[in-house]
Amino acid sequence: MLIRVQAERFDAGALLNKMSGADSDCGAVASFSGQVRGGNGLTALELEHYPGVTEKALTRIATHACKRWDLRQAVILHRIGRMEVGEEIVFIGATAPHRRAALEAVSFMIDTLKTQAPFWKKEFDAQGERWVETRAEDDRAAARWLQEEEDMSA
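Residues numbered from 1 in each chain as written. Predicted model: local features only at pLDDT ≥ 70, side-chain atom pairs only at ≥ 80, totals over all residues. Heavy atoms only, no water.

S.K.: Whenever I open this one, the pattern of salt bridges confuses me. Can you help?
M.R.: Pairs can form between side chains of opposite charge once their charged atoms are near each other. All told, the structure shown has 9 salt bridges when counted by the stated rule. With a closest N to O distance of 3.1 Å, Glu84 and Arg82 form a salt bridge. Classification of Glu84 as partly exposed rests on a relative accessible area of 35%. On the basis of relative accessibility, which here comes to 42%, the residue Arg82 falls in the partly exposed class. (Salt bridge = Lys/Arg side-chain N within 4 Å of Asp/Glu carboxyl O. Buried < 20%, exposed > 50% of the residue type's maximum accessible area, 1.4 Å probe, protein only.)

S.K.: Would you take a moment to explain helix α3 (residues 99-116) for this structure?
M.R.: One turn of the α-helix equals 3.6 residues, which is why residues spaced by three or four share an orientation. Compared with the 26 Å implied by 1.5 Å per residue over 18 residues, the 25 Å span of α3 between its first and last C-alpha is a close match. When we look at burial in α3, the residues that qualify are Ala101, Ala102, Ala105, Val106, Phe108, Met109, Ile110, Asp111, Thr112 and Leu113. (Helix = DSSP H or I, 4+ residues; strand = E, 2+ residues; numbered from the N terminus. Expected span 1.5 Å × (residues − 1).)

S.K.: What am I meant to see in the sheet that holds strand β8 (residues 128-131) here?
M.R.: By definition, the strands of a sheet pair up through backbone hydrogen bonds, in either a parallel or an antiparallel sense. Pairing in this open sheet of 4 strands is antiparallel, and the strands run β5-β3-β7-β8 from one edge to the other. Of all strands in the sheet, those bounded by a partner on one side alone are β5 (81-84) and β8. Between one strand and the next, the sheet's axes are offset by a mean angle of 25 degrees, whatever the strand orientation. (Pairing = 2+ DSSP bridges. Axes fitted to C-alpha atoms, helices over the stretch in contact; angles between N-to-C directions.)

S.K.: What exactly am I supposed to notice about the environment of Thr112 here?
M.R.: Note on placement: Thr112 falls in helix α3. Using a relative accessible area of 2% as the deciding quantity, one classes Thr112 as buried. C-alpha separation for the pair Thr112 and Gly86, spaced 26 residues apart in sequence, amounts to 23 Å. Of the polar contacts made by the side chain of Thr112, one reaches the backbone oxygen of Met109; its length is 3.5 Å. (Polar contact = N/O pair within 3.5 Å; in protein donor to acceptor, adjacent residues only side chain to side chain.)

S.K.: Can you walk me through helix α1 (residues 12-19) in this structure?
M.R.: Residues Ala12, Leu15 and Met19 constitute the buried set of α1. Projected onto a plane normal to the axis of α1, the buried residues spread over an arc of 65 degrees and lie on a single side. Among the exposed residues of α1, those pointing more than 90 degrees away from its buried face are Asn17 and Lys18. For α1, the N-terminal capping position is held by Asp11, with its side-chain oxygen 3.0 Å away from the main-chain nitrogen of Gly13. Taken from the residues just after α1, Gly21 is the one with a positive phi, measuring 75 degrees. (Arc of directions from axis to C-beta.)

S.K.: Honestly, the nonpolar core in this entry has me stumped. Any pointers?
M.R.: Soluble globular proteins tend to bury their nonpolar side chains together. Trp69, Leu71, Ile76, Ile92, Met109 and Leu113 are the most contacted members of the largest nonpolar core, which totals 35 residues. Looking at this core, the elements with two or more residues in it are β2 (28-35), β3 (44-49), α2 (53-69), β4 (73-79), β6 (88-96) and α3. Broken down by element, the residue count for this core peaks at 8 residues, all from α3. Membership of the second largest hydrophobic core comes to 7 residues, among which are Phe10, Ala12, Val75 and Leu77. (Core = buried A, V, L, I, M, F, W, Y, C linked by side-chain atoms within 4.5 Å.)

What follows is the structure, given as structure tokens:
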């Protein structure tokens, strides 16, 4: 498992290549890479976090995914600081013997990260800057995974 919070840019392709072929029992490598989008006049983002607490939250999310989907690898790398449009913000990766496990685990990790990891996002545009509130669709995405677990254990 690799969990990292950093200000420096990263190479999502290199991270994915490092995961590929690392375990001959794995037939699946899945990933998600998020980047700063420039819609609505956005020029940059700035992300802050709570050091130590953030890494623990990300580790908890990845550990849960590893157990639930029998992953061989789980990677969460998240940037902090100022990022311009087009720069990568987050990389999520998973390897597993089968594709569905890897794909679902990646979806779970990004959906729960959005609501359970202590990151604060500030947007910059021509009008100035503003802090971003949690979006209702992020809450619904994370809740879907919790509901699915409750349904499975019932």
